[in-house]
Amino acid sequence: MSSKIYPNAAQALHGLVADHQTLAVGGFGLCGIPEALIAALRDSGAKGLTAISNNAGVDGFGLGMLLETRQIKKMISSYVGENKEFERQFLSGELELEFNPQGTLAERLRAGGAGIPAFYVRTGYGTVVAEGKETRQFPDGHWYVMETALKADVSLVKAWKADKAGNLVFRKTSRNFNPACAMAGKVCVAEVEQLVEIGEIDPDHVHLPGIYVDRIVVNATPEKRIEQPTVRGAK
């Protein structure tokens, strides 16, 4: 088995990313985002990208960096309320947006990884989310919207720990969209804080099997920025 380990994020993306690709990027807000891989993607200069991600980072960090450099042409997202540059580009018509309810986005990614082409969901029926989509009434009397699966050329995910075979362990809520993004991509690159030998992770503790992970890069000291730090005053 050839090594999945790469010395840095830039080399982990070398030969993978290109103009006009679709990328699935893990994270929820700034929790569990692949910080080093996003920065390397910016530095790659790839443009015309479609990014599938729950949100668009914040101004100057996360996917917000790629918005500043105009490398993203379309976002397939759920929550986009923390990024003023995103708002500016969208309202001015510079950025395309395919908006999804959060659960629908997660299921679209999961379906992409599971080989399910489409599914029906009640969420969004009768709203702008359903515009242009097939709707159908089922025997339960409710109307449903047909949503199609999402697949990506490349997935960028963040995990806490990996072994050299690519088996991943996520820490607490940083698991969020990462496993679904990983499975939806043709190629998956994982950024991890710890790398251990094969066999050091209990099989019962593996959150994502290594079969879904193609490349690994270690970032032992990520910034882990907080979107809106709130400090309680002293009493």
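A.B. asks: Before we go on, may I ask you to explain the sheet that holds strand β6 (residues 118-121) in this structure?
C.D. replies: Sheets are built from strands that pair by backbone hydrogen bonding, the pairs being arranged parallel or antiparallel. Pairing within the open sheet is antiparallel, and its 3 strands lie in the order β6-β8-β7. Taken across any chain shown, the strands that pair with only one partner, and hence form the sheet edges, are β6 and β7 (135-137). For this sheet, the mean inter-axis angle between neighbouring strands, taken without regard to orientation, is 35°. Here β7 pairs with strand β8 (residues 143-148) via 3 bridges, running antiparallel. The partner of R136 across the bridge, within β8, is Y144. Strands β6 and β8 of the sheet are contacted by helix α5 (residues 102-114), whose axis makes an angle of about 155° with β6.

A.B. asks: Explain the packing of aromatic side chains here, please?
C.D. replies: The geometry of an aromatic ring pair comes down to the distance between the two centres and the angle between the two planes. Applying the stated criterion across every chain yields a total of 4 aromatic pairs. Measuring from centroid to centroid gives 5.1 Å for F138 and Y144, while their planes differ by 80°, and the two rings are edge-to-face. In this structure Y144 comes out as buried when scored by relative accessible area, which is 15%. The residue whose ring lies beneath R225 is F61, and the NZ or CZ to ring-centre distance is 4.0 Å.

A.B. asks: What exactly am I supposed to notice about the pattern of salt bridges here?
C.D. replies: Side chains that differ in charge, positive against negative, can pair when their charged atoms come close. This model, assessed by the stated rule, comprises 15 salt bridges. Here K158 makes a salt bridge to E193, at a shortest N to O gap of 3.1 Å. Here K158, found in strand β9 (residues 152-163), pairs with E193, found in strand β11 (residues 185-196); they are 35 residues apart in sequence, far enough to count as distant. Looking at K158, the relative accessible area reads 5%, which means it is buried. Salt bridges here are not isolated pairs; linked through shared partners, they connect R70, E85, R88 and E94.

Rules of the game
Residues numbered from 1 in each chain as written. Predicted model: local features only at pLDDT ≥ 70, side-chain atom pairs only at ≥ 80, totals over all residues. Heavy atoms only, no water. Pairing = 2+ DSSP bridges. Helix = DSSP H or I, 4+ residues; strand = E, 2+ residues; numbered from the N terminus. Axes fitted to C-alpha atoms, helices over the stretch in contact; angles between N-to-C directions. Contact = heavy atoms within 4.5 Å. Phe/Tyr/Trp six-rings, centres within 6.5 Å; stacked < 30°, edge-to-face > 60°. Buried < 20%, exposed > 50% of the residue type's maximum accessible area, 1.4 Å probe, protein only. Lys NZ or Arg CZ within 6 Å of the ring centre and 35° of its normal. Salt bridge = Lys/Arg side-chain N within 4 Å of Asp/Glu carboxyl O.

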